[in-house]
Amino acid sequence: MAEQVWRPQGRTRRSTRTLRVRACVAVMAVIAAAVLLVPPLAHLDQQAVDLAAKLQPPSWDHPFGTDDLGRDLLLRCVHGLRVSLFVGLVAALVATVIGTAVGAAAGALGGWTDRVAMRAVDTLSSVPHLLLGIFVVAVFRPGVWPVVASVAVTHWLSTARIVRAEVMSLRARAYVDAAVSGGASRWRVAVRHLVPGVLPQAGLAAVLMIPHAMWHESALSFLGLGLPAHQASLGNLVQTARGSLLAGAWWPTLFPGLLLILPTLAIAGLAGAWRDRLNPRRRSELTL
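Residues numbered from 1 in each chain as written. Predicted model: local features only at pLDDT ≥ 70, side-chain atom pairs only at ≥ 80, totals over all residues. Heavy atoms only, no water.

Asks: Pulling in residues and values, what's your account of the packing of helix 2 (residues 73–109) against helix 5 (residues 144–155)?
Replies: Two elements in contact, helix 2 and helix 5, have axes whose closest approach is 8 Å; the angle formed by their N-to-C orientations is 40°. Looking at the two axes, helix 2 sits oblique to helix 5. In the crossing of helix 2 with helix 5, the sense of the turn from one axis to the other is right-handed. For the pair formed by helix 2 and helix 5, the contact residues are F86, V87, V90, A91, V94 and A95 on the first element and V144, W145, V147, V148, V151, A152 and H155 on the second. Broken down by class, the residue content of the contact of helix 2 with helix 5 amounts to twelve nonpolar, one polar and no charged. (Axes fitted to C-alpha atoms, helices over the stretch in contact; angles between N-to-C directions. Helix = DSSP H or I, 4+ residues; strand = E, 2+ residues; numbered from the N terminus. Parallel < 35°, antiparallel > 145°, perpendicular 65-115°, else oblique. Left-handed = near helix turned anticlockwise from the far one by under 90°. Contact = heavy atoms within 4.5 Å. Nonpolar A, V, L, I, M, F, W, Y, C, P; charged D, E, K, R; others polar.)

This is the structure:
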């Protein structure tokens, strides 16, 4: 009787998760197609100014409307999304490499290495990410790479904690004890058994870090500390659209904001599905 009650609910939840994952894949496919195909196919300059067409609402000629200088907002949003995705991907990759190296060294070596590494993580974690990122960006001129550096420097801390915890869990496994008993060195155990075991968790942390890095870049650009004002990024587009709201133009703010929210939701949904696959016990509990 219990199986007859719970099994349909499990199937319903599985089908709901499948639809959610497919929707996230579809959203990311549309975003990737827009980023890769729209600029080469449009043959238009996203910086072209046309004051006679300023603040036009969405239409067939301008699906996203135009901004306060008459520039096509669709092209500018796509170029801004390209920049934000580039910053997010590169910063997430660099932060994951740093966090994985620090966390793996702390968990595998232990002792004073673990204590020094974790105290450094705790110290940096006590400083708000945005303030630390502003400090890093302020040292350099506005540009893409200073923003990437600021995001990477401030976002590897959580990855280091996750990797350290996973490495310490793997150290207690029987096959690691067998390798140590067989005379394997710490370096060999770390390279052959510990690091490969934490790569899935590190990859999941990197995927979840991409939207966080995008929002961080947008916040810096919105404050005028990220990319130069003439370069399209989602943060710059939202910042320059503030004055358009007073004129009753809602589209210069709406579409850049949507292009920040949609990738965040899609990546979070795909990362949740990946997490369920990495943790079969949690996945089986969800199907009850």
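Asks: Tell me what's going on with the packing of aromatic side chains, and back it up with residues and numbers.
Replies: Applying the stated criterion to the full structure yields four aromatic pairs. The interplanar angle of 80° and the centroid separation of 5.7 Å between the aromatic rings of F86 and W145 together place this pair among those described as edge-to-face. Of this pair, F86 sits in helix 2 while W145 is found in helix 5, placing the two residues 59 residues apart along the sequence. A centroid spacing of 6.3 Å and a plane angle of 40° characterise the contact between W250 and F255, whose relative ring orientation is tilted. Within the aromatic cluster, the residues linked to one another by ring pairs are F64, W250, W251 and F255. (Phe/Tyr/Trp six-rings, centres within 6.5 Å; stacked < 30°, edge-to-face > 60°.)

Asks: Which residues make up a nonpolar patch on the surface, and what are the values?
Replies: Judged by side-chain polarity, L245, W250, L254, L258 and L262 come together as a nonpolar surface patch covering roughly 440 Å² of accessible area. With three residues, the top contributor of residues to the nonpolar patch is helix 11 (residues 251–278). Tracing the sequence through the fold places W250 in the loop between helix 10 (242–246) and helix 11. For W250, a relative accessible area of 45% translates into the label partly exposed. (Patch = residues over 30% accessible without salt bridge, like charges linked within 9 Å, V, L, I, M, F, W, Y side chains within 5 Å. Areas by Shrake-Rupley, 256 points an atom, 1.4 Å probe, with all protein chains shown as cover. Salt bridge = Lys/Arg side-chain N within 4 Å of Asp/Glu carboxyl O. Buried < 20%, exposed > 50% of the residue type's maximum accessible area, 1.4 Å probe, protein only.)

Asks: Now, about the pattern of salt bridges: what can you tell me, with residues and values included?
Replies: Enumeration over the complete set of coordinates arrives at five salt bridges. With a closest N to O distance of 3.7 Å, D67 and R76 form a salt bridge. For D122, the salt bridge is made with R119, and the minimal N-O distance between the two is 3.0 Å. Taken as a pair, D122 and R119 lie in helix 3 (residues 111–125) at a separation of three residues, close to a single helical turn. Salt bridges sharing common partners tie together D67, R71 and R76.

Asks: Account for the environment of T240, naming residues and giving values.
Replies: Here T240 lies in helix 9 (residues 234–240). Judged by relative accessible area, which is 35%, T240 ranks as partly exposed. Along the backbone, T240 and D67 are 173 residues apart, and their C-alpha atoms lie at a distance of 8.9 Å. Reaching out from T240, the side chain makes a polar contact with the backbone oxygen of L237 at a distance of 3.1 Å. (Polar contact = N/O pair within 3.5 Å; in protein donor to acceptor, adjacent residues only side chain to side chain.)

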